[in-house]
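Here is what each chain is made of, one letter per residue.
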Amino acid sequence: MRPMERTRVAIIGGGPAGLLLALILHRAGIDSVVLERGSRDDVLSRMGADMLEKATTDILRTAGVGGRLDREGLVHDGFDIAWRGEVLHIPLRDLTGKTVTIYGETELTHDLYDALDEAGVPVIHEAEDVRLWDITTDAPFVTFHTQDGEHSLECDYVAGCDGFHGVCRQTIPADLLRTFERVYPFGWLGIFTRTPPIQDELIYAHHACGFALCSLRSPQLSRYYLQCDAADAIANWPDERFFDELEARLPSRVAAHLKRGPSIEKSITPLRSFVAEPMGHGRLFLAGDAAHIVPPTGAKGLNLAVSDVHYLSRALIAHYRDKDDHLLDTYSETALARVWKAERFSWWFTSMIHMFEADGAFSQRIQDAEFDYLAGSQAAQTALAENYVGLPY
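Worth saying up front: this structure is predicted, and the values here are computed from it rather than measured.

## Quick look at the overall build of the protein
Move 1: Along the backbone of the protein there are 14 helices and 21 strands.
Move 2: Taken over C-alpha atoms, the radius of gyration comes to 22 Å for the protein, in line with the 21 Å a tight globule of 393 residues would show.
Move 3: The dimensions of the protein, computed from C-alpha atoms along their principal axes, are 65 × 40 × 40 Å.
Move 4: Expressed as a percentage of its 393 residues, the buried residues of the protein come to 56%.
Move 5: The contacts of the protein with a sequence gap of at least 6 include a subset with a gap of at least 24, amounting to 72%.
Move 6: One way to put it: in the protein the 37 positive side-chain charges average out to a point 3 Å from where the 57 negative ones average out.

Rendered as structure tokens:
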């Protein structure tokens, strides 16, 4: 093993949460090292969320990575819900004074890498067999392997940003960790096409054959989703079948604007709600998918990771700058309060707009009544809009 190296914060996971945390800490004069299992190309090939809440974009600008976001991001004042041939517009700006921004997670990761490269913050890729040691003491350390051999990194704190399948959550003793989970009986079949989007804002569509979503990444890059069986296979969905089904699930006046084109990426995403409590143990703190998963309806996953980073970076800065540990001591409680509100919204929106065939006709009538109430109530639309643009920190 190589001699012990040292940093203040060891960040496990080099996705957007880990990279953003490293950048914010650097801006505050706190050194860190990011350990990422994949290569840089692997990280940049991950296709994630594309809708950013107002609070998320504010944090990115404060961290110094808002330039390209402001130039290329698409600001949306609202979105549509299609139901039984009707289209209900939810005017986000009018109802809340806030907007959302469409900007791909891949582009955000590029921006974070560029900023960290310029700042000289170390990101170690292809770090295998990461293990956490002595996290309940004042001298935790992390071991890992790279092509150069085995390494050991001493630190003050460990930030677990390594996703749902990562090692950090598994380090918390099972008798101290509670998990809450709901697995949905369907997935999202999604494709990218280099075609103009069907319209400038998103459309969430409820249909007897299942949910559909028309989204976009740019004026020339469209992203579409269909509800499908969780055990389905991509091979069963050639492009022609996908577009035929998408067109059938949209109101005819909307489907008339659909531009077909060859898919450049196609995947099936399972849907689950998941929360782990607490989000910390000793000198280890979890953030992002390591602690919670939401179904993609409403795009809360990346935004929740950023809110975790906000709370955790604020707590670490208070520790080092002010010698105040109150925010570290209450990090899990504070972060989970916002997590559970986002979990509630994502569950509600998913339950309202997808088809649950096993629940029968009663459930479908309840969904119809839910939409009718939403369509006729500004208060209900405001509640939806407030959650969609993101609840305050």
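## Re the environment of Trp340
Move 1: Among the secondary structure elements, Trp340 is positioned in helix H12 (residues 331-353).
Move 2: For Trp340, a relative accessible area of 34% puts it in the partly exposed group.
Move 3: When the C-alpha atoms of Trp340 and His292 are compared, they prove to be 9.3 Å apart, with 48 residues separating the residues in sequence.
Move 4: Residues contacting Trp340, with those up to four places away along its chain left out, are Phe180, Val275 and Glu277.
Move 5: Side-chain polar atoms of Trp340 contact the side chain of Glu277, separated by 2.7 Å.

## Re the side chain of Asp308
Move 1: The residue Asp308 is located in helix H10 (residues 301-322) in this model.
Move 2: Setting aside residues no more than four positions away along its own chain, Asp308 makes contact with Met279, Ala287, Gly288, His292, Tyr331, Ala335 and Val339.

## What about the packing of H12 against helix H14 (residues 378-389)?
Move 1: The N-to-C vectors of H12 and H14 enclose an angle of 120°; their axes lie 10 Å apart at closest approach. In terms of their interaxial angle, H12 and H14 are classed as oblique. Of the two possible hands of crossing, H12 and H14 adopt the one that is left-handed. Of H14, the residues touching H12 (which contributes Lys341, Arg344, Phe345, Trp348 and Phe349) are Leu384, Asn387 and Tyr388.
Move 2: Split into classes, the residues belonging to the contact of H12 with H14 amount to five nonpolar, one polar and two charged.

## Quick word on the sheet that holds strand E17 (residues 221-228)
Whenever strands of a sheet pair, they do so through backbone hydrogen bonds, lying parallel or antiparallel.
Move 1: Taken together, eight strands build an open sheet; the order of strands is E7-E6-E15-E16-E17-E14-E18-E21 and the sheet is mixed. Single-partner strands in this sheet number two, and they are strand E7 (86-90) and strand E21 (292-293).
Move 2: Against the sheet, helix H13 (residues 360-376) engages strand E6 (79-83), E7 and strand E15 (203-206), with an angle of about 140° to E6.

## Quick look at helix H6 (residues 105-119)
Move 1: A rise of 1.5 Å per residue sets the reference length of H6, with its 15 residues, at 21 Å; its end C-alpha atoms lie 21 Å apart and thus fit the reference within 8%.
Move 2: Taken together, the buried positions of H6 are Glu105, Thr106, Leu108, Thr109, Asp111, Leu112, Tyr113, Ala115 and Leu116.
Move 3: Phi for Gly120, located one or two positions after H6, is positive at around 80°.

## A few points about a negative patch on the surface
Move 1: A surface patch of like charges, here negative, comprises Asp41, Asp42, Glu126 and Glu128.
Move 2: Within the fold, Asp41 resides in helix H2 (residues 40-44).

## Looking at the sheet that holds strand E10 (residues 128-133)
Move 1: Pairing is mixed in the open sheet, where four strands are placed in the order E1-E12-E11-E10. Among the strands making up the open sheet, the edge pair consists of strand E1 (5-6) and E10.
Move 2: Relative to strand E12 (residues 149-154), E1 is paired through two bridges, and the arrangement is parallel. Considered in E12, the bridge of Glu5 is made with Leu153.

## Comments concerning the packing of H12 against H13
When two helices pack together, their arrangement is given by the angle between the helix axes and the distance between those axes.
Move 1: Orientation of H12 relative to H13, taken along the N-to-C sense of each, is 110°, at an axis distance of 8 Å. Judged on the interaxial angle alone, H13 and H12 are roughly perpendicular. From H12, Trp348, Ser351, Met352 and Ile353 reach across to H13, where they touch Gln367, Glu370 and Leu374.
Move 2: When its residues are assigned to classes, the contact of H12 with H13 shows four nonpolar, two polar and one charged.

## Brief notes about the packing of aromatic side chains
Move 1: Tallied over the full model, the rule gives 23 aromatic pairs.
Move 2: Between Trp83 and Phe371 the ring centres are 4.8 Å apart and the planes differ by 10°, which places this aromatic pair in the stacked class. You can see Trp83 sitting in strand E6 and its partner Phe371 sitting in helix H13, a full 288 residues away along the chain. Per residue, the accessibility class of Trp83 equals that of Phe371, and both read buried.
Move 3: On the basis of an interplanar angle of 45° and a centroid distance of 4.9 Å, the ring pair of Trp188 and Tyr225 is categorised as tilted.

What counts, and where the lines are drawn
- Residues numbered from 1 in each chain as written.
- Predicted model: local features only at pLDDT ≥ 70, side-chain atom pairs only at ≥ 80, totals over all residues.
- Heavy atoms only, no water.
- Helix = DSSP H or I, 4+ residues; strand = E, 2+ residues; numbered from the N terminus.
- Rg over C-alpha atoms; globule rule 2.2 N^0.38 Å.
- Buried < 20%, exposed > 50% of the residue type's maximum accessible area, 1.4 Å probe, protein only.
- Contact = heavy atoms within 4.5 Å.
- Lys, Arg positive; Asp, Glu negative; His and termini not counted.
- Charge placed at Lys NZ, Arg CZ, Asp CG, Glu CD.
- Polar contact = N/O pair within 3.5 Å; in protein donor to acceptor, adjacent residues only side chain to side chain.
- Axes fitted to C-alpha atoms, helices over the stretch in contact; angles between N-to-C directions.
- Parallel < 35°, antiparallel > 145°, perpendicular 65-115°, else oblique.
- Left-handed = near helix turned anticlockwise from the far one by under 90°.
- Nonpolar A, V, L, I, M, F, W, Y, C, P; charged D, E, K, R; others polar.
- Pairing = 2+ DSSP bridges.
- Expected span 1.5 Å × (residues − 1).
- Patch = residues over 30% accessible without salt bridge, like charges linked within 9 Å, V, L, I, M, F, W, Y side chains within 5 Å.
- Areas by Shrake-Rupley, 256 points an atom, 1.4 Å probe, with all protein chains shown as cover.
- Salt bridge = Lys/Arg side-chain N within 4 Å of Asp/Glu carboxyl O.
- Phe/Tyr/Trp six-rings, centres within 6.5 Å; stacked < 30°, edge-to-face > 60°.

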